[in-house]
Amino acid sequence: MTAFEILLNNFYDSIEKNEPTNNKLATPKNPNELYDAVRQFIEASFLHGQNLSYTQLFSELIDKTSGLFQSSSHESWEKVKYAFIENDLHIIRRDRNKTEIEELKTRLVHSF
């Protein structure tokens, strides 16, 4: 399992923990800010996941998206969650090769 996959698996845990509340009076938010933040996390994880000096950046991005998840619509949250599930990022997989990792990153970025 690569650092990229580990970070995305940890990010999935954050998705699970930050399900939006069912406040029917809340105004639906534009999901673009959430999707941009998710793409930013994916890109940073792919490019810098193996570099320990970026640990603070990953923490900040997870904190940012946590707030965005909680204030997003349930549909937007589900879209992100299921994109991760479809790509087996909710479980630990050890059998992906380098090409599969690159394809995974591309699929995720284009999901949002």
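Starting from 1, residues in each chain are numbered consecutively following that chain's sequence as written. Residue-level local features of this predicted model are given only where pLDDT is at least 70; pairs of side-chain atoms are given and counted only at 80 or more, and the full residue set underlies all totals for whole chains, interfaces and linings. The side-chain values count all of the structure's non-hydrogen atoms but skip hydrogen atoms and water molecules.

Undergrad: What is the right way to look at helix 4 (residues 74–86) in this model?
TA: Every α-helix winds through 3.6 residues per turn, so residues three or four apart in the chain are directed the same way. With 13 residues, helix 4 ought to run about 18 Å at 1.5 Å a step, and its terminal C-alpha atoms sit 18 Å apart, in line with that. Contacts are assigned to residue pairs that have any heavy atoms within 4.5 Å of one another. Here a strand is any run of E in DSSP of at least two residues, a helix any run of H or I of at least four, and the numbering for each starts at the N terminus. Among the structural elements, helix 1 (3–17), helix 2 (32–48), helix 3 (55–71) and helix 5 (98–111) are those in contact with the buried residues of helix 4. D88 occupies a position one or two residues after helix 4 and carries a positive phi of about 60°. Between the first and last residue of a helix there are one fewer steps than residues, each counted as 1.5 Å, and that sum is the expected span.

Undergrad: Would you mind showing me how to read the layout of surface pockets here?
TA: Empty space among the atoms becomes apparent when a probe as large as a water molecule is rolled across them. In this analysis a 1.4 Å probe is tested at points of a 1 Å grid over the protein atoms alone, and where it fits but cannot get out there is a cavity; an open set with protein on both sides within 12 Å along at least five of seven lines is a pocket; lining residues have an atom within 4 Å of a point. Grid points are joined across faces, edges and corners, and a volume is the space filled by probe spheres set on the points. Its boundaries defined by the atoms lining it, the second largest pocket holds a volume of some 180 Å³. Around the second largest pocket sit 13 residues that line it, and L7, N10, G49, T55 and F58 are the ones nearest its centre. With 5 residues, the top contributor of residues to the lining of the second largest pocket is helix 3. Considering only residue class, the lining of the second largest pocket consists of 7 nonpolar, 5 polar and 1 charged. Residue polarity follows a fixed list, in which Ala, Val, Leu, Ile, Met, Phe, Trp, Tyr, Cys and Pro are nonpolar, Asp, Glu, Lys and Arg are charged, and the others, Gly among them, are polar.

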